[in-house]
Amino acid sequence: MRSCWLQFGILAVAFTVFDLSPQTTALAEQAAQRAPQVESRMTLSIETFCSETKLRTSNARLRWSIPQTALSGIGAATVSAARQSLEATVYKNGFEKNLLVSLPIGAATADRPIVPQAQGRQPLPRAFQLRLIDVQQPGATAEATAAGEMTAVVENLEPGVTYTWRIAIDTPSGRIVSPSAASEARVCPADMVQGTAVPRRKK
Amino acid sequence: MTRVKVILFAGLACLLASAASAQLSVVVRDISPDQSNNSDPDGASGGRVNNVTIDRSNPARVYAASEFGGIFRSTDGGLTWSHLNGHVPTVTWDVKVDPTNSNKVYATSFYDGRANSRSGINVSTDGGNTWTHPATATPPVSFCQSDVRRNEPAAFGIAIDPANPSHVFVGTNCGLAISTDAGVTWRFADPTPTDRADNIGDVVVHHGGIIDVCGDDGHLRSTDGGTTWTTATSQPLQSGRCSIAASPDESYVLFAVVGTSIFETDDGGQTWPISYANPAPQGRIPFVETNKRSGRNFDLWFGDVGVFRGTCTTPSPAVPGGTQRCTASTAWGGSFTRSNGAHDDSGSMAFVPGATSNACPAFFSSDGGVFRNTLTSSPACHTPAWTQPNVTPHALWEYSFEGVSRPGATPEDLYLGNQDNGSFGTGSGGGATVTWNNERCCDGFDTAGDATRALTTVCCFGGRATRLFISGAGLTGASPEIGTYPPGNMRSFEELEALLTFSANAYAVTSTSGVFVTSNITASPIVWTQLGASSSPANACGLALSTTGGTPTFFVKSGGCDGDRAGTLWRYQGTSTTGTWQQVPTPAGASGFGIYAVDAHDPQRLIASQLGGAPGPHMVLTRNGGATWNVLSALDTLMTAGGVFLYQNQTGPTAFTSFSGYPQPTLVAFDPSDPDLVVAGGADSGVFISANGGTRWQLVTDPIAPGTSGIPHIPRPYFAHFDHDGPAGEIKLSLGTRGRGPWRLTFKKVLMPEIQVPSPPSFDASCAGDQQHGALKVCNTSGGDLVISSITSSNPEFTIVVPSGGFPVTISHDFCFPFEVLFTGTTPGTRTTDLTITSNDPNMPVLHVAASASVGQPTAVTVVADSGNFGEFCPAPNRFKDLAVTINNRGTCPLLVTALSSSSPDFQAPHVLTFPIKIAPGDNIELPVRFQPTTSGAKSASLSITTNDPAGAVKVVALSGTVPPDYVCAPPSFTSIDAAIGPTFGSARTGGYTVNTSGHLLRSFGPNRRFGVQAQAEYMFYPGRQEGEVDTTLLYRHGLWQVGVGGTFKDANVRSEASAGSLSEVAVSVDALLSTIRFGAFASKGLKESDVVGAASVLGAPTPAGQPLIVTEQVLHTVDAAGGTVQLSLVPNLWWLDANAAFLNRHAPGASNTAGAALRVSRQLLPWLVGNVAVDVNESFIRSSAIGTVTVGLSVGRWPRPQDLSNPANPLGSLVPRLHYEVFDRVR
């Protein structure tokens, strides 16, 4: 497992989990001090689905867009140029309580996912063991004409758990977030034929 | 086990009254397997059961809530299960029985697709036979997180307070439903009232009424019956699908599973710091249960993929906090499922009721249905040994259903690919007893077969998860996995087909990489060829085939592989690799297709559900490959049961407890052997069969009230197979469903008629009372005889002439029958009726035809000159004024005038000898209206003309006129003859007395009689003088003022002179006529001023020219006058006074001007006789000194007097005095 994290460490540098234990209170307080501003012009939609390649694996596809007017307000020329991160919580009012995970939006593939990094020795709760496996950014034409839409695929959601998502953008003047959107992670059952086991993800 | 119902339907219950001749008589048989013969418990036959519960009062009675098949009940301790048809919602979650009342049963379900939903909470008071959805089990408006949650209700876990069983709590998609009267009434509580209510997945009530819930808001606790709630202060419970249980010993110790994670709180939920590793996570629907054991011990049962039992201990003393109560999950017993005789993927556990401790787990529900624990004694029973029932619930969820027809009635190869329960096959699918072989466990997907073999895909294996096996017919014999797979993965977990055979040994399959065919499935290796690789539709699924002339045409759907989302259709002709996939045109406006089918022998003929876009969902059919699609409106109507079900809902349950919404259509299929036969099905609305190629349909199941009709409801049919091997034309239609397993419908084809009314009957325009004939052409455009049993009209003005042969009337294929409709209008205007045609058309047993006819009407228009104003009219006997009133009929029917009347006798309507007066359309008549008033003043009246004009039976013409006052119509006529006598006085008088007489005449004329002419003649006698005078004056009066201009001629004979003389003058006057007095002013000027009345001559003094003769003439000369007059009343109507005074301008040489005056006092003696006394001075003849008269006189007749001053308009005569004159000498 350790080698696995090392392998992905170069890319997965900043997947952060907040307030998962009392030890993280300082970090939570730090986050609380920079209360984000909700950018209501941003849109975020969630589609949950079962992985077509991995049994019993629940995924979510997130689509979000930022209007050009909002982009100019945060000093970014295009949506892909903004410093974005995907935040998720599985708790009631989890964002307000800083019970969330956050990972930066960057280049990710199924083979090179962006994964969360546990704080201290605390293991990540199952619900936060997410993997960002795909990020699609708008093409050059879309960038030139509009803010465009971005898409990200998150893998390994905890089945049956209600996730609340939002996109956060760090700007020189502070942090803005999209309106949040909630969805229940799909249950992806698979009855294993006797003597066989669910294939494990390659390490 | 089989259950048979014979049904005869014309649609819904209301349609049963239709003529039966065109109806299919359908035998419905449940042919689900009763058990699995697979030794692996993950092969099973029950389908998923979410919850199972035992009736505490009658433990032999057990209930099961299945995933998609509704509620099942066993009355023999779980050995055999039967479906409870009375519970209408089919997607069920939980069921509980009142521990004190066997008849009281509670069940929860997900949205049932109804416009007026009956899902959510249902209550039975008769042990599950019948169910009600209480009205109060619907949340209040604006209470739920979204309005759709209220309209599309769903409910989850049920908890009954053990200490007070009438208190029932249900987690719903809109908060917690609470009943305190055993389910009769409900109220909804939102534990987080700062936002709207959302999902509560589970609830437990324990330790005297403490309520703990879990769901989208995490965990919340209420200790006051649900009024107030507390939640975690830190380390909260995560949100999501959940199960919750309480320690039997400590009220503050709770266990919950959310998602796949297990948590414990030891402080009543203030914190949830303890978690247990899930020994076998999957998250299908995990549960936690606690079971009291001996002493301080209890078991924590946890189910996910498997079932585990954890050992737990209550600390002593029992206080909040402390260490976790149960051992780590690594020490838990289990798994007690697959290796203990039960299917994996838990649902719930039910313990033997009534025991205070060590209750044995009696039942376990899972993806395989319900399993009984064969160990019934503690402690052995706590390591269960499960066994399947003799008859499991019939709730299989099928991913495929394939049939292969074989000669003979009984042999019929049927194949099922089931979610969770694996693959089933039978070779006796047509028999009374169907013997199934559950060849493989787990998740069965696609099946295809021919007379010698069957292909099935099954999941899940390590490596290639879904694999393809070849078995013998009926899934018998060896079943090797194929050796060579096409590229990509075999498709899985989809309702649409991915496997078919298109000729001997030849098969086609859609994988995740495209569509592949092989000509020999038995070859080794199998050669797979991709069809049209370069144009292959993305995400191809839903494989279908049509073969013409030996050439196969393959169809696939791109996307939406469960049939509930829009995708595009594609076709590929032949098996060449170089062909091109061509898209089937999508109906205009639609997003795409949901489900579809193609005629096995006509690739141009497809039937489908269109989804999305502006048109919304419709069932459509094309006969030209999609160039044009015809909407199957009759099938549309059945899909929603006429509006009972929504065609597309938003949050209806979809696979694996998702709530993504679904459209109704789930099934369409053509009968490969008979193009007339088509079957369709709706998720909630049942199964429909067409026997005329798709335009007419018959509902053959009962989605509305199967509990009372006894006719099964078959929800979510997805698959169909036709077989024609039955005796005497008997057709067997086998169906595969999601949630209710396989069914067989047996019927004989009955050609269905199709009623058409090309147009409503037409009628010529008519008038009320006229009778018109119209033809109602009723046609039959389909194969079966159309039997018209009755035609009725909602409007009695329209009547249907019963045909000579009476009803019913049979209309053969492609014939029309012209029914005669009579119309007798009674009321003008457009008359409409609803012609109701009752026939044996299966989709339109009652056809409503709107017909109309136009009834014309007369329209009276009245015209009258001068707006009906007769003007001024002075009445007189036999005098009247007529005005013509014109009545015109501008309508289309004769106008009848039936009465004429006037509201006033001053205006007289013409007398009509005989009514009515008939006026033809466009004609008019003139009616003279007479004005014959008798009194003065303004007159008005209404002339009422009564007609048959429906717009207003009585036309009213306003009439008016004016009768002027009497002074206009009968002005006073002043005429009098006066005579007077009296002495004279004055030294220069010409006699000692005077006698005079005069005549006076005054007449008014002109507008309002304001003008007048006054004429007078007078003769005066004095012994030395005589005068005659005539004067005429023209008068004009305006209000109080009167002016006059007149002339006077006088002849005077002064006897002292040689002859008489004549003079004339002109006079003007102005009078102010007040009500009791008049004043006047006048002036006169001589016109003929002088006349010589004598002469004398004398010789004058001699002059050189001679002695002149001096002639002196006596001249009669006018005296000009100016003065005033007055007339006033002395005694009203009796005495009055007239007086004048004048300044007299004399012309006699050396004479001084003088004055004159007259005064007369009059008394009315009789209305026509007045006596008077007068005195005047210098009134006529002016001498060097004043002379006058004093006279008394009589006046006969009438002359203006003060009482006449009330006359406001007529001239009242001038009081200008006589012409004054004088005599003097002058030298000529």
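About the thresholds
Residues numbered from 1 in each chain as written. Chains lettered and ligands numbered in written order. Predicted model: local features only at pLDDT ≥ 70, side-chain atom pairs only at ≥ 80, totals over all residues. Helix = DSSP H or I, 4+ residues; strand = E, 2+ residues; numbered from the N terminus. Buried ≥ 20, exposed ≤ 12 C-beta atoms within 10 Å, placed from the backbone. Contact = placed C-beta atoms within 7 Å. Rg over C-alpha atoms; globule rule 2.2 N^0.38 Å. Pairing = 2+ DSSP bridges. pLDDT = per-residue confidence, 0-100. Core = buried A, V, L, I, M, F, W, Y, C linked by C-beta atoms within 7 Å. Nonpolar A, V, L, I, M, F, W, Y, C, P; charged D, E, K, R; others polar. Axes fitted to C-alpha atoms, helices over the stretch in contact; angles between N-to-C directions.

## A few points about the overall build of chain A
Within chain A one finds four helices and eleven strands. Counting the 203 residues in chain A, one finds 44% classified as buried. A sequence separation of at least 24 residues applies to 66% of the contacts in chain A between residues at least 6 apart.

## Some words on the overall build of chain B
When its secondary structure is counted, chain B shows four helices and 87 strands. A compact globule built from 1228 residues would reach a C-alpha radius of gyration of about 33 Å, whereas chain B, at 60 Å, exceeds it by more than 25%. Its C-alpha atoms give chain B principal-axis dimensions of roughly 195 × 85 × 60 Å. Residues counted as buried form 53% of the 1228 residues belonging to chain B.

## Some points on the pairing of strand β75 (residues 1011-1022) of chain B
Consecutive side chains along a regular strand alternate between the two faces of the sheet. Residue and element names in this part refer to chain B. Pairing between strand β74 (residues 993-1005) and β75: eleven bridges, direction antiparallel. Residue pairing in the sheet places Arg1003 in a bridge with Val1013 of β75. If you look at the hairpin formed by β74 and β75, you'll find five residues sitting between the two strands, and Gly1006 has a positive phi there, around 85 degrees. Note: β75 against strand β76 (residues 1025-1038), twelve bridges, orientation antiparallel. Looking across to β76, one finds that Gln1014 is bridged to Thr1033. Hairpin connection, β75 to β76: the antiparallel pair is bridged by two residues.

## Side note on the sheet that holds strand β52 (residues 698-699) of chain B
All names here are of chain B. With respect to topology, four strands assemble into an open sheet ordered β49-β50-β51-β52, the strand pairing being antiparallel. A strand with exactly one partner marks an edge of an open sheet, and here the two such strands are β49 (665-671) and β52. Note: strand β51 (residues 686-690) against β52, two bridges, orientation antiparallel. The residue bridging Phe688 from the neighbouring strand is Leu699, located in β52.

## Side note on the confidence of the model for chain B
Residue and element names in this part refer to chain B. In the predicted model, chain B carries a mean pLDDT of 94, and 98% of its residues have values of at least 70. Scored below 50 in pLDDT, residues 1-20 shows 49 contacts in the model against residues more than four places distant or in partner chains. Across the interface, the model reports ipTM at 0.86; the global pTM reads 0.74.

## Remarks on the nonpolar core
A:Leu132, B:Ala256, B:Val288 and B:Phe363 are the most contacted members of the largest nonpolar core, which totals 239 residues. Once residues lying within four places of it in the same chain are set aside, the contact partners of B:Phe363 are B:Val52, B:Ile54, B:Val62, B:Gly78, B:Met349, B:Ala350, B:Val370, B:Phe371 and B:Arg372.

## A word on the interface of chain B and chain A
Contacts between the two partners involve 34 residues from chain B, matched on the other side by 26 residues from chain A. Taken together, the residues of the side of chain B that touches chain A sort by class into nine nonpolar, 14 polar and eleven charged.

## Topic: the sheet that holds strand β42 (residues 551-558) of chain B
Residues and elements named next belong to chain B. Across the sheet, which stays open at both edges, the four strands sit in the order β41-β42-β43-β44 with antiparallel pairing between neighbours. Of all strands in the sheet, those bounded by a partner on one side alone are β41 (540-548) and β44 (582-584). Between one strand axis and the next, the sheet turns through 30 degrees on average, direction left out of account. Bridge count for β41 against β42 is seven bridges, and the pairing is antiparallel. Across the sheet, Thr547 pairs through a bridge with Pro552, a residue of β42.

## Side note on unusual backbone geometry
The general pattern is negative phi for most residues beyond glycine and trans for most peptide bonds. All names here are of chain B. Each neighbour pair has its own omega, and for Ser378 with Pro379 the value is 10 degrees, a cis peptide bond. You can see Pro379 is positioned in the loop between β28 (369-373) and β29 (386-387). Omega for the bond connecting Phe807 with Pro808 falls within 30 degrees of zero, at 0 degrees, which places this linkage in the cis form. Position of Pro808 among the secondary structure elements: in the loop between β59 (798-800) and β60 (809-811). Phi is positive for Asn505, which is not a glycine, with a value near 70 degrees. Not every positive phi belongs to a glycine, and Arg716 is a case in point at roughly 50 degrees.

## Concerning the environment of A:Leu157
Residues and elements named next belong to chain A. Mapped onto the fold, Leu157 is located in strand β8 (residues 149-157). Accessibility expressed as a C-beta count within 10 Å gives 28 for Leu157, which makes it buried. Separated by 101 residues in sequence, Leu157 and Arg56 have C-alpha atoms that sit 10 Å apart. Look past the residues within four positions of Leu157 in its chain and what remains in contact with it is Ser58, Asn59, Ala60, Leu130, Tyr163 and Ala185.

## Some remarks on the environment of B:Ser854
Mapped onto the elements of the fold, B:Ser854 is located in strand β63 (residues 846-855). Distance from B:Ser854 to B:Ser166, taken between C-alpha atoms, is 66 Å for residues 688 residues apart in sequence.

## A few points about the environment of A:Thr151
With respect to the element layout, A:Thr151 can be found in strand β8. Taking the C-alpha atoms as reference points, A:Thr151 and A:Thr69, 82 residues apart in sequence, are found 20 Å from one another.

## Regarding the confidence of the model for chain A
Residues and elements named next belong to chain A. Taken as a whole, chain A shows an average pLDDT of 77; of its residues, 73% reach a score of 70 or greater. Considering each helix and strand of chain A separately, the mean pLDDT is smallest for helix α1 (residues 2-9), with a value of 34, and largest for strand β11 (residues 181-184), with 95. Overall, residues 1-32 carries pLDDT values under 50, and its contacts beyond four positions in sequence, including any with other chains, amount to 48 contacts. Every residue in residues 140-145 is under pLDDT 50, and counting partners more than four places away or in other chains gives five contacts.

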